[in-house]
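# A closer look at the structure
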Amino acid sequence: MIVVLILAALFALLLVGVPVAFALGGVGLGMLLAGGFSPLMAPQAMLSTLDGFILLAVPLFLLMSNVLLKGGVGRDLFAAVQAWVGHWPGGLAVATIVSCGIFAAISGSSVATAATIGTVAIPEMLSRGYERRFVYGLLAAGGTLGILIPPSIPMIVYGFVAEESVLALFLAGVGPGAALVCFFIVFSMGYAAWRGMGRAEVAGWAERRRTTVRALPSIGLAVLVIGAIYSGAATPTEAAAIGFAAALVITGPLLRTLTWTGLREAAVDAMATTTAILLIVAGAKIFGKAIALYRLPQDIAGFIGQTIESPFAFVLVVALVLLVMGLVFEALSMVLIMTPVLLPAAQHLGLDPIWFGVFMVIMVECALITPPVGLNLYVIQSIARVGLGEVARGVLPFLAMMFLTVAILYFWPDLALYIPFRL
Amino acid sequence: MRAFSLIVTALAMLAALLFVLAGVMLTWEVVARYFFVKPTIWAAELSQLCLIWGTLIAMPWCLRERRHIRITAVTGVLPMAGRRIAEIFAMLAVALFSAIVFWKGWGIFWDSVERGRTSGTMLDLPAWVPEAAVPFGFAILLAQALIEAGRTLRGEIVAEGAHGE
Amino acid sequence: ADLTARITLQLPLKSHLGQNLELFKEEVEKMSNGSIAVEIYDSAQLYQDKEVPQAVGSGAIEMGVASLTRYVGDIPAVDVFYLPFLLNSEDKVRKAVAKGSVIRDSIDEAIAGTGSTVLWWQAYGGSVFLSNGGAIKTPEDMKGKKVRVFGKTLGDFVEAAGGAPTLVSGSEQYLAYQRGTVDIGMTGVSGVQSRKLWEVMDTITVTNNADIEFIVVANTEWWNGLTDEQRAILSAAAEKAELDVRNRMSEIEAEAFAAAKANGMTVYEPTADEIAAWQAAGQPVIDAYLAKTGDLGAKMVEAAKGY
Ligand code: NA
Ligand code: NA
């Protein structure tokens, strides 16, 4: 009963248009006051959220990818990959996915990945006669690689909430991310061959060399960021800082594509997005404290413990719940609200918390591309100026491949856990 | 009113600068540790301060520019009058939340000032240095939310916000 | 229940501090015939360790568990337990934390000034060094190395000994060692077992360079508002819990050392000469502590040296 009331209040505030951060924080604060708990917890939650070193990675990764976006790195990257694989069957689609994968290794956000690659890839693919629906679906789904392949803002947030190593989460995302890239590529090549969609001409060696040289610094940047994290030379937060500095060097003195105006816009945009994201984290923290004091996670974990005995059934149920939630919830709020509720039950059933984090991130990817609320759908919609329905239908086969990845991940956890713990 | 608007904008630009500054400090930290084996004691803490202050002083601007993430699925299909009522309600909800957080946040800040509490970390800064950001940021957010409610009431068109992530 | 006491804890319930709270809870609920309820909020659901002094002091929550060093911002003298090689044996630690001793009483009294009342102390064990390819026998072995620390005074000590202190949180420890973000680890030995650190480090040097203590505090205003009977029950249960965890700690440490050895770690005990070298290197830290903490610090260091 109390759960229904809380959810009703939360939904009412959200749907009236109260910003997510203040809706979560407000319901949390209301619950504290109604339950006779100290409202001091609200400002305390604000401070302790912003005082987390790991969340400092959020503005830094955003600064890095914004600088690259303003510096036109998406165009260079796509041109280079296209020069190598554009003449394959479905070559442009393959180039799009590979570009998304590489950009995902620099950016921590799905929206940034979809926007950066989408801006250049969509017009190019359409002009070569690719089916519209396929193109939109491909870009919306390809963009979600941004949060599975490290760095990843949702993983940072999960690590913060679950008190798990963000580094381990990052490394655990590599395997499933690579698997998804492979599935997308195989599907695109097959589909393009079947539907007889166009290929680009074979690029000459001069063309290949010219485009590759221009894209090389960005690929180098991806290697630098992942290398710094993987080798232990830097924490994820520090790696984000180095990546930002390196992005400035690449787009400034090296490529000379970043203007002062571009830099200012990149910084202002990173500021706005950081504030929006971190306030949601803080609001969710207030909400999380309130539901903990009402002992709801314990009750739910206890209920799950009594009714569900096998990890398989648990994962299946959670996947369904997250899928349904993901229709209407914004991605980050899902991680924030559900982690404290689900993780204790998951660990009780013997699931690894890092594995569970990767699983949640893939489900969040699904949420990003399911209507009516899916940020990646909106991005593609606004780039391509088409209706939501067309983008959403194109996404279906890619959604199926994400489910396939989840299934493989369940039966073969090492797809995620091999790289962080056994390599 | 104009002066207040300028202050809000200036604070947001300062926040952007603070985040850039955090990036510079942490880059230096890695260089210092990796190449000189001489980690700094200040980079981690000062960059954290940049995050705390930056986020909290950028809030009012984000509200004014509609940069906070919100769900527009329902309000988007309402008739104009309904949309305005929803908007006024939303802004008053933000104002109420801000007022309580300001009030309680001020208590935390003032308690630390009176006790002379310090952070106890490597730099050992006074504890109120980060804590002051909460009452400061939410006081301005409170004012901004009331201004937005007033603007909507007077029928000044309020654009739908962009989605962030 | 007539009264609910909520306790916030950073560690999971299955940790030995969590188990100790469970013991307290059972004891209180039994003695009060259920009229006092104890609710434990573990795994930092409500507060992280560093927030506890402020949260309990302000009355946002009734009770909490904090690492003693978290009070260093209010009371710099609490870091007497982190002064290098000062309380470096179980015997000395037991003398220092005994009720009625100069150190225990001074600290409990000073904490009362922050709006919190100390109910009991929870032992967490001594600090050890972790390394790969040989023990860290003397300050010479630390020169130019990056060392994980978890507090300012420990950082000052590492710096005085010629190392480069780096703050690494508990949850990032494993990978920081595996990836070489730091060369030398510093942790309580029970952490070696719970985090399976033997997978990434091969040697423990049993320095006991610092002693890690946690304290369970209650909001003073709340505490004073209880009836005499309620206070008596809580105090009795606290005393029982304190005794239990202190006695269990030596078993837990012995178990952790055995597990470490069973998993291929070398455990090295420094000689008296080596300890003397560490003490000499750490002297500036003690001097700085004395300069900063005045009479209170001097009184406690004096007492510790007498143990
Ligand atoms: Na990424
Ligand atoms: Na969705």
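Bear in mind the structure is a predicted one, so any value in this text is a computation, not a measurement. (Residues numbered from 1 in each chain as written. Chains lettered and ligands numbered in written order. Predicted model: local features only at pLDDT ≥ 70, side-chain atom pairs only at ≥ 80, totals over all residues. Heavy atoms only, no water.)

Moving on, we come to the overall build of chain A. Scanning chain A for helices and strands turns up 20 helices and zero strands. Taking 423 residues into account, the globule formula puts the C-alpha radius of gyration at 22 Å, and chain A, at 21 Å, falls close to it. Expressed as lengths along the three principal axes of its C-alpha atoms, the size of chain A is roughly 70 × 45 × 45 Å. Each of the 423 residues in chain A was classed as buried or not, and the buried ones make up 65%. In chain A, the proportion of contacts linking residues at least 24 apart, taken out of those at least 6 apart, comes to 78%. Here chain A has roughly 13,800 Å² of accessible surface; of this, 69% comes from carbon and sulfur atoms. Put simply, chain A has 19 plus and 18 minus side-chain charges, and the middle of one group is 11 Å from the middle of the other. (Helix = DSSP H or I, 4+ residues; strand = E, 2+ residues; numbered from the N terminus. Rg over C-alpha atoms; globule rule 2.2 N^0.38 Å. Buried < 20%, exposed > 50% of the residue type's maximum accessible area, 1.4 Å probe, protein only. Contact = heavy atoms within 4.5 Å. Areas by Shrake-Rupley, 256 points an atom, 1.4 Å probe, with all protein chains shown as cover. Lys, Arg positive; Asp, Glu negative; His and termini not counted. Charge placed at Lys NZ, Arg CZ, Asp CG, Glu CD.)

Right, let's get into the packing of aromatic side chains. Residues and elements named next belong to chain A. Going through the model one piece at a time under the given rule, you end up with 35 aromatic pairs over all chains. Ring centres of Phe187 and Tyr191 lie 5.5 Å apart, and the angle between their planes is 20 degrees; this geometry places the pair in the stacked category. Here Tyr191 and Phe187 lie together in helix H10 (residues 166-195), a separation of four residues that amounts to about one turn. Over the face of the ring belonging to Trp205 we find Arg208, whose NZ or CZ atom lies 4.7 Å from the ring centre. (Phe/Tyr/Trp six-rings, centres within 6.5 Å; stacked < 30°, edge-to-face > 60°. Lys NZ or Arg CZ within 6 Å of the ring centre and 35° of its normal.)

Attention shifts here to the environment of Thr181 of chain C. Counting through the fold element by element, Thr181 of chain C comes out in the loop between helix H6 (173-178) and strand S7 (185-188). Aside from chain neighbours lying at most four places away, what touches Thr181 of chain C is Gly232 of chain A, Arg33 of chain B together with Lys146 and Ala176 of chain C.

Turning our attention to the pattern of salt bridges. Enumeration over the complete set of coordinates arrives at 34 salt bridges over all chains. Its salt-bridge partner being Glu148 of chain B, residue Arg151 of chain B comes within 3.0 Å of it at the nearest N-O pair. You can see Arg151 of chain B and its partner Glu148 of chain B sitting in helix H5 (residues 133-153), three residues apart, about one turn around the helix. Overall, Glu148 of chain B belongs to the buried group, its relative accessible area being 0%. Here Lys143 of chain C makes a salt bridge to Glu140 of chain C, at a shortest N to O gap of 3.8 Å. Within this structure, Arg66, Arg70, Glu87, Glu148 and Arg151 of chain B form a network of salt bridges that share partners. (Salt bridge = Lys/Arg side-chain N within 4 Å of Asp/Glu carboxyl O.)

All names here are of chain A. Ala104 (O), Ser107 (O), Gly146 (O), Ile149 (O) and Pro151 (O) make up the full set of protein donors to the sodium ion (ligand 1), lying at 2.2 to 2.4 Å. For the sodium ion (ligand 1), all donor residues lie on one chain, and their spacing in sequence is A-x2-S-x38-G-x2-I-x1-P. One end of the pair, Ser107, is in the loop between helix H6 (91-104) and helix H7 (110-127); the other, Ile149, is in the loop between helix H8 (132-148) and helix H9 (153-162), with 42 residues separating them in the sequence. Each member of the pair, Ser107 as well as Ile149, is classed as buried. (Donors = N, O, S within 2.8 Å, 3.2 Å for Na, K, Ca; no water.)

Turning next to the interface of chain A and chain B. When the parts come together, some accessible area is lost, and that loss is often what is quoted as the size of the interface. Of the residues lining the interface, 60 residues belong to chain A; the matching set on chain B comes to 52 residues. Taken together, both faces of the contact between chain A and chain B bury some 4,900 Å²; the carbon and sulfur share is 80%. The three residues of chain A that bury the most area against chain B are Phe22, Leu50 and Met271 of chain A, which together make up 13% of that side's buried surface. Between chain A and chain B we count two salt bridges in total. Between Arg33 of chain B and Glu238 of chain A there is a salt bridge, and its shortest N-O distance comes to 2.8 Å. Applying the counting rule to chain A against chain B returns seven residue pairs in polar contact (both at pLDDT 80 or more). Counting residues per element, the ones that place at least two in the side of chain A that touches chain B are helix H1 (2-16), helix H2 (20-34), helix H3 (41-50), helix H4 (57-70), H7, helix H12 (236-254), helix H13 (260-293) and helix H18 (375-384) of chain A. (Buried area = accessible area lost by both parts, 1.4 Å probe. Polar contact = N/O pair within 3.5 Å; in protein donor to acceptor, adjacent residues only side chain to side chain.)

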